[in-house]
Amino acid sequence: MVYFQPSERAQKLSVNFFDRLDNKLAESEQTGLPFINLSKGNPDLPTPEHIVASLKAAVDQPKNHAYPPFLGKENVRLAITEFYKKEYGVLLDPINEIAIFHGSHIGITGIPQVLLNPGDYMLITDPCYPIYYSSATLSQAKTFALPLEESNRFLPDYRCIPGDVLKKARLLMLNYPNNPTGALATKDFFRKTIDFAREHRLPVINDFAYASLGFDQNKPLSILQTKHAKSVAVEVYTLSKTYNMAGWRFGFAVGNASIIKAFNKFHTHAYSTVFGAVQDAAACALQSSQKCAINLLRIYQRRRDVLIDGLRRIGWKVASPPGTFFAWLRVPAGYDSQSFSELLFQKAHIVVAPGIGFGEKGDSFIRISLVNSEEVLAEAVKRIEALHLFK
Ligand SMILES: Cc1ncc(COP(=O)(O)O)c(C=O)c1O
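About the criteria used
- Residues numbered from 1 in each chain as written.
- Predicted model: local features only at pLDDT ≥ 70, side-chain atom pairs only at ≥ 80, totals over all residues.
- Heavy atoms only, no water.
- Pairing = 2+ DSSP bridges.
- Helix = DSSP H or I, 4+ residues; strand = E, 2+ residues; numbered from the N terminus.
- Phe/Tyr/Trp six-rings, centres within 6.5 Å; stacked < 30°, edge-to-face > 60°.
- Buried < 20%, exposed > 50% of the residue type's maximum accessible area, 1.4 Å probe, protein only.

By the naming in an unreviewed UniProt entry, the protein chain is Aminotransferase class I/II-fold pyridoxal phosphate-dependent enzyme, taken from Sporolactobacillus kofuensis.

Rendered as C-alpha cells:
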C-alpha cells in the first residue's frame, strides 16, 4: 500500500472528542463490568410514531426516488416558515431565508466556510461544542474564545475581545440553549448581541440545537425574535433533539438572506441534496401537534430533578441546568475534570464527559447527559454516594 499523506487542513483536525469518549466506553465494555454511560448526547427514546409513519409513506412515493430540488422541497420550506411563525412569532421568506441540510452539523461546519477567509477570526465561547473548533480549522480561520463564567450565567461579555481580534473577526458563533453548560439566553443578552454585531458588521450564528429544551416553563428564545436580528444573524435548527430524530439527519438555517444565499450555493457543491422522504417527514414533524416535544421536555425535566436532587442529597453542591439535556457539574475540590472523570470511571464505573473537552474553562466541570432513564440516573447517584466524597 502506498501511504498517502492527508492534506495540511485534514491533519489539523483533532480527533473528534466524542469519538474519544466512544473509545473510552469500548475500553470499559472489554472489562465486562456494567458501566453507565452518561457522556453522550444521543437521544435514547424513539422518534414519535406519526413521524415514522410519515417517512414510511414518503418512501413509497416514486417522486422521492429521484433527485430532490437543490434548495429543498417547497412543502418543507413552508413547514419551516409556519413553525417559526407559530413557535416564535418570526416571519420568514420561504425562498430566500431558509437553507436545509443533513443535520445541523452540516450548517455549523458549512456556514463558517462561506463567511471566513484564511486568517480571519471566528469568535466562539469557552466552553463550547467542540465542533466549532473543527469549523474554524476547515475554514482556515483562527478562533478567539470568550469565557463563559457561572457568575454571568454562562453568557459571554463582548467587552473582553481585544481590539486586534475584533478587527479581524468575521463570525460570532453562539449556542443557546448551551451545550455543555445548559444555560439559556436572555432577551437582554440577545439584544446586546445584535447591537454589538450590527456595530461591527459581524455575522452571527445561533446554534439552536436544544431549542425545545427549556425547563421550568422557560421556553428558549430564538435569536431571530430580537429586533433587527435578521440583518446580521442566522439560526441553525435541528430535528435531532426536538423529536428524537438524531439518526435521520435533518436540520435547517433561517435568517439573514445573504448568508443563506451563500450557504445554499456552497451546499449544492459540497453536499448536493437531502432525501425527499426525509424532507416530507421533517415537514410532518414541524407541522403536527408539538405535544410529543412537550412530553419529551417533561421526561428530561424529571430526569434532571432525579439527578440533581439525588446529588444534592448526598452532599454535592451542584447547579440545576435551566435547559438542554446536560448537567454541568463543578468537580469537588482537589480534582480537575479529567482526574474526577477518571475516578468515576475507575471506582464507580460511570463514563462522563470531562469539561476540558469543551475548552480550558471547562476543566473544573464534568458534563452528565440526561439521555438515560430515571432509574439509571438514580443508580449513578448511588454509585457516587458510595465513594463518600461529600460530607
Ligand atoms: C450544540 C450542538 N450543535 C449541533 C449538534 C449536532 O446536531 P445534528 O447534527 O444532529 O443536528 C449537536 C449534537 O449533539 C450539539 O450538541
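S.K.: In this structure, what is going on with the sheet that holds strand β12 (residues 365-369)? I would like to understand it.
M.R.: With antiparallel pairing, the 3 strands of this open sheet are ordered in space as β9-β12-β11. Two strands close off the open sheet at either side, each with one partner strand: β9 (326-330) and β11 (353-354). Pairing of β11 with β12, which is carried by 2 bridges, proceeds in the antiparallel orientation. What sits directly across from Ala353, in β12, is Arg367.

S.K.: Looking at this structure, I do not really get the packing of aromatic side chains. What am I missing?
M.R.: The relative placement of two aromatic rings is captured by the distance of their centres and the angle of their planes. Going through the model one piece at a time under the given rule, you end up with 28 aromatic pairs. With a centroid separation of 6.2 Å and 75 degrees between ring planes, the pair formed by Phe154 and Phe365 is classed as edge-to-face. Of this pair, Phe154 sits in the loop between β4 (142-147) and α7 (163-168) while Phe365 sits in strand β12; the two residues are 211 residues apart in sequence, bridging distant segments of the chain. With a relative accessible area of 10%, Phe154 lands in the buried category. Their ring planes at 5 degrees and their centres at 4.5 Å tell us that Tyr158 and Phe196 sit as a pair that is stacked. Within this pair, whereas Tyr158 is found in the loop between β4 and α7, its partner Phe196 is found in helix α8 (residues 187-199), the two being separated by 38 residues in sequence. Each of the two residues, Tyr158 as well as Phe196, counts as buried. Each residue in the set Phe83, Tyr84, Tyr88, Phe208, Tyr237 and Phe252 is aromatic and connected to the rest through ring pairs, giving one cluster.

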